[in-house]
Amino acid sequence: MQTKPKNKKPAGEASTTFQSVKGMHDVLPAESCVQEKIYRLAREILEFYNFNSIATPLVEYLGLYNRTTGEATDIVEKQMFTLKTKGGETLALRPEFTPGIGRAYIQHGMSHYPHPVKLFTIGPLFRYEQPQAGRFRQFNQIDAEIFSTENDAIYDAQGILACYRILDELKIKNLIININTIGCITCRPNYRKALVSYYKNKEKQLCTDCKRRLPVNPLRLLDCKEPICQPLKEQAPNTLDYVCATCKKHFKEVLEYLDNLALPYALNPYLVRGLDYYSKTVFEINTQPAEGEEKIDFALGGGGRYDYLIEELGGRPTSAFGWALGVERIIDVLHTRNILPSSRPKEKVFLIHIGDLAKRKSLCLIETLRHAHINVIESLGKESLAAQLRAADKADAPLALIFGQKEAYEESIIIRDMKTGAQEMVPLTKLPEMIKRKLN
Ligand SMILES: [Zn+2]
Ligand SMILES: [Zn+2]
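Some details on the overall build of the protein
- In terms of regular secondary structure, the protein is built from 15 helices and 16 strands.
- Here the C-alpha radius of gyration of the protein, 28 Å, is well above what a compact globule of 440 residues would show, namely 22 Å.
- Along the longest, intermediate and shortest principal axes, the C-alpha atoms of the protein span 90 × 65 × 50 Å.
- For the protein, the residues scored as buried account for 47% of the 440 residues in total.
- Excluding contacts between residues fewer than 6 apart, the proportion of contacts in the protein whose partners are at least 24 apart in sequence is 71%.
- For the protein, the computed accessible surface area is about 23,400 Å², with 52% contributed by carbon and sulfur atoms.
- Counting 60 positive and 53 negative side-chain charges, the protein places the averaged centre of each group 3 Å from the other.

Next up, the structure:
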């Protein structure tokens with residue numbers, strides 16, 4: 001979090017009306033409703049694959065991310081929102097979920113749980129980066145992690161499957177799983193060496209970031225999106241030529257599972273993912289443009305295996321596989337392709353009340369309908385019959401319930417068919433039953 005300059009008001013605070021903080025956006029009802037549908041679907045799918053939900057705090061100690069995400073990554077180098085507490089501790093708003101969940105796994109002794117331990121969470125993350133299309137400083141992700149005793153390829157496959165299935169069920173077409181292996185502790189140094197020697201003497205053809213990254217984290221050069229770095233990248237050594245037999249066998253097994261599941265994948269030898277903790281399998285899911293459609297040049301989600309992270313954090317050696325899906329990115333694609341999940345509008349009846357007694361009895365009447373699982377729309381503040389009838393019309397309610405002074409007194413109510421205008425008076429005790437009959 002930025003510290004406030006003493007004399008100058010920061011931008012956004014200068015005017016008399018406030019704006020949301022740069023790169024952070026309000027989710028208004030129309031988008032929120034789409035977001036909720038995505039969450040509901042994701043939960044349903046993840047629960048089917050036996051993931052249990054977990055929620056970790058929005059803030060963690062900064063050191064957690066330095067240790068796991070990696071000091072030479074963009075996230076830790078430039079994108080952290082950090083804050084100092086009055087007690088002098090340095091905290092960070094979480095930029096990703098995995099380190100916090102890994103920390104919780106150790107802290108709560110989950111290594112003693114029956115394995116695999118499958119966890120998922122949904123919520124906001126924070127990265128201080130230049131806001132642009134599909135990129136925010138506060139954004140949401142759906143995240144899933146599998147902790148297991150063995151690094152069995154079946155977990156990689158099931159993890160990828162669950163991630164793919166969410167996008168597939170959202171009717172996003174032309175999905176493609178980009179997949180690679182980046183090796184293990186034994187074989188990755190060889191690959192690093194090969195990369196460093198390949199890029200040696202070619203530094204001049206690299207962007208400033210890559211020049212700096214080369215000695216610290218050469219794998220990250222393959223992540224670079226700068227045009228100047230692309231030609232060299234295309235000729236760079238291929239991970240598959242350097243990984244050990246164990247890693248190769250593991251990767252082959254993952255691909256066999258994907259073949260069995262008939263999931264569409266493409267080998268991408270330059271996919272490394274930007275984080276330090278990955279080992280063996282890494283993947284991203286993209287959607288290829290349909291004919292005449294602009295290229296969508298971001299991944300909807302991705303992840304991989306991270307067999308060393310738990311040990312790095314002080315836990316016992318634990319195999320792990322995880323991924324995250326970008327919620328705003330998914331919504332962006334749903335919008336672009338005009339495939340927002342449609343909801344069958346729930347049939348609702350519209351309650352119209354006239355006069356004091358009816359108004360006083362309205363809330364109880366709504367409770368009766370709630371017990372009977374009948375959805376009601378009301379406009380409790382409005383007084384005139386005409387205004388309420390107009391509202392009922394606008395709401396497209398098939399039935400209106402007219403609760404007048406006389407009816408309220410006699411414990412009855414009028415049911416009006418909004419299409420035909422036909423009206424019928426019924427006793428309140430029979431109301432739920434009559435509504436159900438008319439709606440069917
Ligand atoms: Zn290996
Ligand atoms: Zn570069």
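That shown, we press on.
Observations regarding the coordination of the zinc ion (ligand 1)
- Donor atoms from the polypeptide that coordinate the zinc ion (ligand 1) comprise Cys184 (SG), Cys187 (SG), Cys244 (SG) and Cys247 (SG), at 2.2 to 2.3 Å from the metal.
- Geometry at the zinc ion (ligand 1) is tetrahedral, judged from the 4 donor atoms that bind it and their angles of 102 to 116° at the metal.
- Every donor residue of the zinc ion (ligand 1) comes from the same chain, spaced as C-x2-C-x56-C-x2-C.
- Assessed through its relative accessible area of 3%, Cys187 is described here as buried.

Observations concerning the coordination of the zinc ion (ligand 2)
- In this structure, Cys207 (SG), Cys210 (SG), Cys224 (SG) and Cys229 (SG) serve as the protein donors to the zinc ion (ligand 2), at separations of 2.2 to 2.4 Å.
- Given 4 donor atoms and angles of 105 to 114° at the metal, the environment of the zinc ion (ligand 2) is assigned as tetrahedral.
- Summarised as a motif, the one-chain spacing of the donors to the zinc ion (ligand 2) is C-x2-C-x13-C-x4-C. Here Cys210 is found in helix 7 (residues 208-216), whereas its partner Cys229 is found in the loop between helix 7 and helix 8 (230-235), with 19 residues between them in sequence. The residues Cys210 and Cys229 share a single accessibility class, namely buried.

Focus on the domain arrangement of the protein
- In terms of domains, the protein is made up of domain 1 (29-187 + 243-336) and domain 2 (348-439).
- Taking only C-alpha atoms into account, the centre of domain 1 sits 49 Å from that of domain 2.

Focus on helix 5 (residues 153-169)
- The end-to-end C-alpha distance of helix 5 is 24 Å, a good match for the 24 Å that 17 residues give at a rise of 1.5 Å each.
- Burial of helix 5 is extensive: 12 of the 17 residues sit out of reach of the surface.
- Lys171 lies just past helix 5 and shows a positive phi near 65°.

Reading guide: rules and limits
Residues numbered from 1 in each chain as written. Chains lettered and ligands numbered in written order. Predicted model: local features only at pLDDT ≥ 70, side-chain atom pairs only at ≥ 80, totals over all residues. Heavy atoms only, no water. Helix = DSSP H or I, 4+ residues; strand = E, 2+ residues; numbered from the N terminus. Rg over C-alpha atoms; globule rule 2.2 N^0.38 Å. Buried < 20%, exposed > 50% of the residue type's maximum accessible area, 1.4 Å probe, protein only. Contact = heavy atoms within 4.5 Å. Areas by Shrake-Rupley, 256 points an atom, 1.4 Å probe, with all protein chains shown as cover. Lys, Arg positive; Asp, Glu negative; His and termini not counted. Charge placed at Lys NZ, Arg CZ, Asp CG, Glu CD. Donors = N, O, S within 2.8 Å, 3.2 Å for Na, K, Ca; no water. Tetrahedral: all angles 85-135°; square planar, octahedral: opposite > 155°, others 65-115°. Domains from an automatic or database assignment. Expected span 1.5 Å × (residues − 1).

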